[in-house]
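Summary of the model geometry
Okay, here's what each chain looks like letter by letter:
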Amino acid sequence: AADAVLSTGHLASRDGYMFGDFSIVLRAAHAPDGSPAPSNAMTCLGLYTNDPVHNEIALCWHAWSPSDLSFGYWLGDDPEHRVDLDVPGTEAAYRTYTVVRRPDFVELRIDGAVAHRVDGRAVGDKNATLPWLPLSVRVILRPRDAASSDYRGDAHVNVVSLAFAPFVDDDVPSTPSREKTAPPRRLRGLMRRLWNRRSTKSPTSAA
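The text that follows walks through the structure, step by step, so that each part is easy to find.

A closer look at the state of the cysteines
Within this structure, the stated rule accounts for 1 disulfide. Across the disulfide, Cys-44 is cross-linked to Cys-60 (sulfur-sulfur distance 2.1 Å). Handedness of the Cys-44-Cys-60 disulfide follows from its S-S torsion of about 110°: it is right-handed. Placement of the pair is Cys-44 in strand E3 (residues 41–49) and Cys-60 in strand E4 (residues 55–62), with a sequence separation of 16 residues. Neither residue differs from the other here; Cys-44 and Cys-60 are each classed as buried.

The following block contains the structure:
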């Protein structure tokens, strides 16, 4: 869009999203000719906010260690909780990565298979053990850190699709802001009963 604001290396949604499935189909950072990316290139799918406190879930690919796929999260002032997974060939092939966010766990799936899961609590700030705030969705391509931000060559990341499927639960508000959703199951059941009652009544005839 003509009025879009682009911060170098980061594309971010304006809205925040709660529970659901965040799926991206991509080929991680590589050089324009398809060879390995510069050694300081970093690709991430991030779910992030810093308002009012730091909440983040991130999935990152590192050109300096291409077989390592990092999956982690941050909660307030706590240090990063992170696991490094051995997933070779991410810079050479398109794959589907899904971050599954629920009130009681966070999970990473690769091509539909569960790669890692963390159980916890993502409701309420005082007792939460997982990020509990609405999070902006971010696709990131950047240097590793300030110390390695010197130019070492072009890097591309190819994104085929990025999608969010909300998780609907009767008891937990889990829909993204500004998005309309279907009525809760209890309300849908009541609507069906009212409709069935109405449809079984005999039509009244005019006198």
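What to know about the layout of surface pockets
The volume enclosed by the largest pocket comes to roughly 370 Å³. If you go around the largest pocket, you meet 24 residues; those closest to its centre are Met-42, Cys-44, Cys-60, Trp-74 and Arg-142. At the level of secondary structure, the elements contributing two or more residues to the lining of the largest pocket comprise E3, E4, strand E5 (68–75), strand E6 (81–86) and strand E10 (136–143). Along the lines of polarity and charge, the residues of the lining of the largest pocket split into 10 nonpolar, 6 polar and 8 charged. Estimated volume of the second largest pocket: approximately 230 Å³. Lining the second largest pocket are 14 residues; nearest its centre among them are Arg-142, Pro-143, Tyr-151, Gly-153 and Ala-155. Of the residues forming the lining of the second largest pocket, the biggest block, 3 residues, is contributed by E10.

Conventions used here
- Residues numbered from 1 in each chain as written.
- Predicted model: local features only at pLDDT ≥ 70, side-chain atom pairs only at ≥ 80, totals over all residues.
- Heavy atoms only, no water.
- Disulfide = S-S within 2.5 Å.
- Helix = DSSP H or I, 4+ residues; strand = E, 2+ residues; numbered from the N terminus.
- Buried < 20%, exposed > 50% of the residue type's maximum accessible area, 1.4 Å probe, protein only.
- 1 Å grid on protein atoms, 1.4 Å probe; cavity = no way out; pocket = protein on both sides within 12 Å on 5 of 7 lines; lining within 4 Å.
- Points joined across faces, edges and corners; volume = space filled by probe spheres on them.
- Nonpolar A, V, L, I, M, F, W, Y, C, P; charged D, E, K, R; others polar.

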